[in-house]
Amino acid sequence: PTSRAVVLITVDSLRADALYGEDAARVAPNLSALAARSVVYRNAYALSSVTGKSLGGLLAARYPSELSRSFDFFPLYAEDNVFFPEALHDAGVHTSAAHAHHSLRADRGFAQGFTTYELLGGLMSGKAGDAQVTGEPLTDLAIATLGRGPAAPDAKRFFWVHYLDPHQAYR
C-alpha cells in the first residue's frame, strides 16, 4: 500500500545550523535517520519571534498580521481564520496533532481542522513551562495519537507535533 501520511514536526527555538551541521547524525541520530527518508525543507523561516504568532501564520499560510487574532503575547485565533488542516479535514484527510506548549491549547484556536488534538498534561506556563523537558513524554503521546488514527494502511493522514525542549534553556 502507498503511504498517504504527512507528518509535520516543528520544534521551538531549534537552530538548523546547530542541528544540521557536519555532526547531524551524532547530534540527532533518530531525526537524521527520519530526514534521510523524508522531504526536508532546509530554507524555512519563522514568521515571528513569538511561537503562537509564528505557528498560527504557518497553519494559515499567511502573515500573523493578516489573521483575526488577539494581540496577547500568546494569541487567540478567531474561528474565521482558515487553517490548512481544515481544508485537509474537509477533503477527507484524518488530521491529528500532539503538543507540549501551553500556548498551543485548543482553546487558543490552534485545533481548527483537527480530528484529534492532544496536549501533554501537567504543563506549566511562563518561564517555568519554557524550561520543562517534555520530549520523551510528548513522543509517547505522539505515537499514541498516531495509533488512534485510521487503521487502513492507505488512509490519508496529516499529523503535526510541536516540541518545546530547546526553548529557553536551549537544550
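Whatever comes next refers back to the structure up there.
These notes cover the structure that comes with them. Every chain begins its residue count from 1, and numbering advances along the sequence as written. Given that this is a predicted model, residues contribute local features only at a pLDDT of at least 70 and side-chain atom pairs are listed and counted only at 80 or more, while totals for whole chains, interfaces and linings are drawn from all residues. For the side-chain quantities, the full set of heavy atoms in the structure was used; hydrogens and water were omitted.

In this description, a nonpolar core means a group of buried Ala, Val, Leu, Ile, Met, Phe, Trp, Tyr and Cys residues linked to one another through side-chain atoms lying within 4.5 Å. Exposure categories follow from relative accessible area, calculated using a 1.4 Å probe and restricted to protein chains: below 20% of the type maximum is buried, above 50% is exposed, and the middle band is partly exposed. By size, the foremost hydrophobic cluster in this structure holds 15 residues, and its most contacted members are Phe 110, Phe 114, Tyr 117 and Trp 160. For the purposes of this entry, the term helix denotes a DSSP run of H or I that reaches at least four residues, the term strand denotes a run of E that reaches at least two, and both are numbered from the N terminus. Among the elements that take part in this core, helix H4 (residues 51-60) stands out by supplying three residues, more than any other. For Phe 114, the contacting residues outside a window of four places in its chain are Pro 85, Thr 95, Ser 96, Ala 97, Phe 158 and Trp 160. Membership of the second largest hydrophobic core comes to nine residues, among which are Ala 98, Leu 120, Ala 142 and Tyr 163. By definition in these notes, contact holds between two residues if any of their heavy atoms fall within 4.5 Å.

So, on to the pattern of salt bridges. A carboxyl oxygen of Asp or Glu within 4 Å of a side-chain nitrogen of Lys or Arg is what we treat as a salt bridge. Counting across every chain of the model gives three salt bridges. Measuring nitrogen to oxygen at the nearest pair gives 3.4 Å for the salt bridge that ties Asp 72 to Arg 108. With Asp 72 in the loop between H4 and helix H5 (84-90) and Arg 108 in the loop between strand E2 (94-99) and strand E3 (116-119), this pair connects stretches of sequence that are 36 residues apart. Close ionic contact of Arg 105 with Asp 107 constitutes a salt bridge, the shortest N to O distance being 2.9 Å.

Further remarks concern the environment of His 99. In this fold, His 99 is placed in strand E2. Look at His 99 and you get buried, because its relative accessible area is 0%. Put simply, His 99 and Trp 160 are 61 residues apart on the chain and 8.2 Å apart in space, counted from C-alpha to C-alpha. Think of a polar contact as two N or O atoms within 3.5 Å of one another; within protein, one of them needs to be a possible hydrogen donor and the other a possible acceptor, and neighboring residues in sequence only count if both atoms come from side chains. Only 3.3 Å separates the side chain of His 99 from the backbone nitrogen of His 162, close enough to count as a polar contact.

Further remarks concern the sheet that holds strand E1 (residues 4-11). Hydrogen bonding along the main chain pairs the strands of a sheet, whether they run parallel or antiparallel. Pairing between strands is defined by DSSP: at least two bridges between the two strands are required. Taken in spatial order, the four strands of this open sheet run E1-E4-E2-E3, and their pairing is parallel. Of all strands in the sheet, those bounded by a partner on one side alone are E1 and E3. Taken over all neighbouring pairs, the strand axes of this sheet differ in orientation by 10° on average, direction set aside. Across the sheet, H4 touches E1 and strand E4 (156-163), and the angle it forms with E4 is around 165°. Each axis is a line fitted through C-alpha atoms, and for a helix only the stretch in contact is used; angles between axes span 0 to 180 degrees, taken between their N-to-C directions. Contacting E2, E3 and E4, helix H7 (residues 135-147) runs over the sheet at an angle of about 170° to E4.

Helix span, as expected, comes to 1.5 Å for every residue beyond the first. Here H7 is 13 residues long and its end C-alpha atoms lie 18 Å apart, about the 18 Å a rise of 1.5 Å per residue gives. Every buried residue of H7 is listed here: Gly 135, Leu 138, Leu 141, Ala 142 and Thr 145. For H7, the buried positions fall inside an angular range of 125° around the axis, keeping them on one side. Exposed and facing more than 90 degrees away from the buried side of H7 are Glu 136, Asp 140, Ile 143 and Gly 147. Among the structural elements, E2, E3 and E4 are those in contact with the buried residues of H7. It is the directions from the helix axis to the C-beta atoms that the arc portrays.

Each aromatic pair joins two rings of Phe, Tyr and Trp (for Trp, the six-membered one) with centres within 6.5 Å, and gets the label stacked for planes under 30 degrees apart, edge-to-face for over 60, and tilted for any other angle. Counted under the stated rule, the structure contains seven aromatic pairs. Here Tyr 77 and Phe 110 contribute two aromatic rings whose centre-to-centre distance is 5.3 Å and whose plane-to-plane angle is 75°, an arrangement assigned as edge-to-face. Taken together, the positions of Tyr 77 in the loop between H4 and H5 and Phe 110 in the loop between E2 and E3 put the pair 33 residues apart, joining distant regions of the chain. The interplanar angle of 35° and the centroid separation of 6.3 Å between the aromatic rings of Phe 114 and Phe 158 together place this pair among those described as tilted. Taken together, the residues Phe 114 in the loop between E2 and E3 and Phe 158 in strand E4 connect sequence positions 44 residues apart. Residue classification places Phe 114 among the buried positions, given a relative accessible area of 10%. Residue Phe 158 is classed as buried on the basis of its relative accessible area of 4%. An aromatic cluster is present here, built from Phe 84, Phe 114, Tyr 117, Phe 158 and Trp 160 joined pairwise through their rings.

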